[in-house]
Amino acid sequence: TNSENHYDKELGVPIGKDRFDIFLEIVPKLKGENYWYALADAYTNSDNLYSKRKKVKNAFRSHIPGRQALMKTKEIKFLESLPNIVTIYRGMTEMEFESGEYGISWTTKRKEAEKFAFKYSRNFDTNHLTKMVMDIRVKREDIIAVFLGRNEYEVIVDI
């Protein structure tokens, strides 16, 4: 029997589903800080979100109160320590660059962006496409969140 037929009794969703898919299913049950905590967990523990990029952006655009729950204390302190204007980098496909519709995941470290552009193989939907690294300057106040859990110095920006 395939794992889609087995349910996680606590969450009430099929086992083997991507965490971001589970997040999307339980959003109607989430209130306040629980929404943001669940989004941070689902986002940082998911790979290959390219096909869901619009849903990801919409999730981070939510006006649900409690957005501070997105980050841990050390992430908030890191964000506060950044200069008013921050250079951030993104490994992306040339197709993404040409479209001008960028993903929300950036980094403060150029080497991390290079890793995602040229070495990271788990972005299955874009592995066959030509990659590049782009850098931009943003205001610190426009950064939605910083995630430090995987030492990627990930910066979430909706541009």
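Residues numbered from 1 in each chain as written. Predicted model: local features only at pLDDT ≥ 70, side-chain atom pairs only at ≥ 80, totals over all residues. Heavy atoms only, no water.

S.K.: Tell me about the packing of helix α2 (residues 33-44) against helix α3 (residues 53-60), residues and numbers included.
M.R.: Interhelical geometry of α2 versus α3 gives an angle of 150° and a closest axis separation of 11 Å. As α2 runs across α3, the sense of the crossing is left-handed. The segment α2 lies against α3, with Tyr35, Trp36, Leu39 and Tyr43 engaging Val56, Ala59 and Phe60. For the contact of α2 with α3, the residue count by class is seven nonpolar, no polar and no charged. (Axes fitted to C-alpha atoms, helices over the stretch in contact; angles between N-to-C directions. Helix = DSSP H or I, 4+ residues; strand = E, 2+ residues; numbered from the N terminus. Left-handed = near helix turned anticlockwise from the far one by under 90°. Contact = heavy atoms within 4.5 Å. Nonpolar A, V, L, I, M, F, W, Y, C, P; charged D, E, K, R; others polar.)

S.K.: Explain the nonpolar core to me, and be specific about the residues and the numbers.
M.R.: One finds Phe23, Leu39, Phe60, Leu70, Trp106 and Ile143 to be the most contacted residues of the largest nonpolar core, which totals 40 residues. Those elements that place two or more of their residues in this core are α1 (19-26), α2, α3, α4 (73-81), β3 (85-93), β5 (131-139), β6 (143-147) and β7 (154-157). When residues in this core are grouped by element, the largest group, seven residues, is from α2. In contact with Leu70, not counting residues within four places along its chain, are Trp36, Leu39, Ala40, Phe60, Glu75, Ile144, Ala145 and Phe147. (Core = buried A, V, L, I, M, F, W, Y, C linked by side-chain atoms within 4.5 Å. Buried < 20%, exposed > 50% of the residue type's maximum accessible area, 1.4 Å probe, protein only.)

S.K.: Before we move on, could you go through unusual backbone geometry and cite the residues and values that matter?
M.R.: Even without being glycine, Asn151 reaches a positive phi, approximately 55°. Along the polypeptide, Asn151 turns up in the loop between β6 and β7. Accessibility expressed as a relative area gives 56% for Asn151, which makes it exposed. With a phi angle near 50°, Tyr153 is a residue other than glycine that sits in the positive phi range. If you trace the backbone, Tyr153 turns up in the loop between β6 and β7.

S.K.: Give me the lowdown on α2, citing residues and values where you can.
M.R.: Across its twelve residues, α2 extends 17 Å between first and last C-alpha, which sits within 8% of the 16 Å expected from 1.5 Å per residue. Where α2 is buried, its residues contact α1, α3, β4 (105-107), β6 and β7. (Expected span 1.5 Å × (residues − 1).)

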